[in-house]
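Examination of the molecular architecture
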Amino acid sequence: MQTSEIVISDDVAGEWRVPVLTFEGSDPKAPRVYIQAALHAGELPGVAALHAFIPALRTAESEGRLLGDVVIVPKCNPIGAGQWLHGELQGRFEIASRTNFNRDYPLIALKDRASLLDGIEARPAADQLKRHLLHLALGADLVLDLHCDDESQLYAYLEASFWPEAIDLAESFGLEAVLLSDGGSTAFEEAVTHAWKAGDLGARAAWHEGRISLTMEFRGLRDVRPDLAAKDAEGLMAFLQRRNVVSGEPVRHEAFTGPVAGLDYVQMIDAPKAGTVLFEKTFGDQVRAGDRLAAIIPTPGFPENDVAILAPVEGTIVTRVAARFVRRGDNLMKIASTALSNKPRKPGGALED
Ligand SMILES: [Zn+2]
């Protein structure tokens, strides 16, 4: 393992240094891997998983079991990690520009990878960070961006072209749900697939052959625990074993029985009114149309004003908001279903800002 750093110059003064770990595989034909965690700086289950995974990968490397090159940025967003507002971490958007750290990535062809770094010092700090991370990712065949949701099942978010080959991902991690996007957004994992689609096929029959780029949602914000970190580290190892990056029998195999839903089949349950939320269902629950999901209390002490939130269709609750006070329009839950979504979305759009 070798360590290096991404250096980002601050827009005002000084700089950030982001550690990058590089492992060299023994087989140049084996897939190359890129993994990063905490792009949304407050989402830490992936950091904990990598903390457990990196020593296992070092052992594999020293024992000659590492076949493919692996690059890891274990905590990839120091700009977001430094943004504290009245004691709360604001890790999703850059405060200065309100830019989501996981949107607005340059959409380029793979052959133009080197151009990402042209004149980079003159760019805004958040843009420098995004370009460095995308540049690293485009050197790989398997790209894993480790996030988490608010309160959530363990699920992955990936382009539909990768499915069903990516069943090995579900079996390695014990995924509880899979959401399939139609591509075309400017999120990190889709900027990677954009570059692949815009590149030459080379020896591949299709652009996605032998590749994957995904956002892993490692459950919820508070699911940062040693037992889960160890399990997710095993999931990472099992996936790299299945993809011939590390030799040996996969250390985990879980049958996948969860829902697989295109984004147009994810019901976004939004709050019709502001108030205190009393949830009556949680993530993982199966619901039928008309089932009560929650009550919103707009006027405490006057239950006659409570607003019942009902499931619009049958499905599986995948996520739930972490807050217990919501504004009108805030998302309360996402339900994976087999019915077209209640909230039309632009083609290529993400579910949320
Ligand atoms: Zn995230």
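Structural data are supplied above this passage.
**Quick notes on the overall build of the chain**
Looking only at helices and strands, the chain has 6 helices and 22 strands in total. A total of 353 residues make up the chain; the buried ones form 52% of that total. Restricting the contact set of the chain to residue pairs at least 6 apart, pairs at least 24 apart contribute 71%. As displayed, the chain offers around 15,800 Å² of accessible surface, 52% of which is attributable to carbon and sulfur atoms. Both charge centroids of the chain, one from 36 positive and one from 50 negative side chains, sit 2 Å from each other.

**Comments concerning the coordination of the zinc ion**
Those protein atoms acting as donors to the zinc ion are His-40 (ND1), Glu-43 (OE), Glu-43 (OE) and His-147 (ND1), and they sit at 2.0 to 2.6 Å. Because the angles between the 4 donor atoms bound to the zinc ion fall within 54 to 145°, the donor set is best described as irregular. The sequence pattern describing where the donors of the zinc ion fall on their chain is H-x2-E-x103-H. Taken individually, His-40 and Glu-43 each receive the classification buried, so the pair is uniform in this respect.

**What about the sheet that holds strand β2 (residues 15–23)?**
Two strands in a sheet stick together by hydrogen bonds in their backbones, pointing the same way (parallel) or opposite ways (antiparallel). Across the sheet, which stays open at both edges, the 9 strands sit in the order β1-β2-β4-β3-β9-β13-β11-β12-β14 with mixed pairing between neighbours. The open sheet terminates on both sides in strands that have one partner only, identified here as β1 (2–9) and β14 (260–262). Looking at each pair of strands side by side, their axes are set apart by 20° on average, direction ignored. For strand β3 (residues 33–37) and strand β4 (residues 70–73), the ladder comprises 4 bridges, and the chain directions are parallel. Its bridge partner lying in β4, Ile-35 is registered against Ile-72. Seen against the sheet, helix α1 (residues 45–62) touches β2, β3, β4, β9 (142–149) and β13 (212–220) and runs at an angle of roughly 150° to β4.

**Concerning the pattern of salt bridges**
A side chain of one charge can pair with a side chain of the opposite charge when the charged atoms of the two come close. All told, the structure shown has 19 salt bridges when counted by the stated rule. Here Arg-17 and Glu-5 are joined by a salt bridge, their closest N and O atoms 2.6 Å apart. Taken as a pair, Arg-17 in strand β2 and Glu-5 in strand β1 lie far apart in primary sequence, 12 residues in all. Given the relative accessible area of 45%, Arg-17 is considered partly exposed. Residue class for Glu-5 comes out partly exposed when judged on its relative accessible area of 45%. Several salt bridges converge on common partners, so that one network encompasses Glu-5, Glu-15 and Arg-17.

Calculation rules
Residues numbered from 1 in each chain as written. Predicted model: local features only at pLDDT ≥ 70, side-chain atom pairs only at ≥ 80, totals over all residues. Heavy atoms only, no water. Helix = DSSP H or I, 4+ residues; strand = E, 2+ residues; numbered from the N terminus. Buried < 20%, exposed > 50% of the residue type's maximum accessible area, 1.4 Å probe, protein only. Contact = heavy atoms within 4.5 Å. Areas by Shrake-Rupley, 256 points an atom, 1.4 Å probe, with all protein chains shown as cover. Lys, Arg positive; Asp, Glu negative; His and termini not counted. Charge placed at Lys NZ, Arg CZ, Asp CG, Glu CD. Donors = N, O, S within 2.8 Å, 3.2 Å for Na, K, Ca; no water. Tetrahedral: all angles 85-135°; square planar, octahedral: opposite > 155°, others 65-115°. Pairing = 2+ DSSP bridges. Axes fitted to C-alpha atoms, helices over the stretch in contact; angles between N-to-C directions. Salt bridge = Lys/Arg side-chain N within 4 Å of Asp/Glu carboxyl O.

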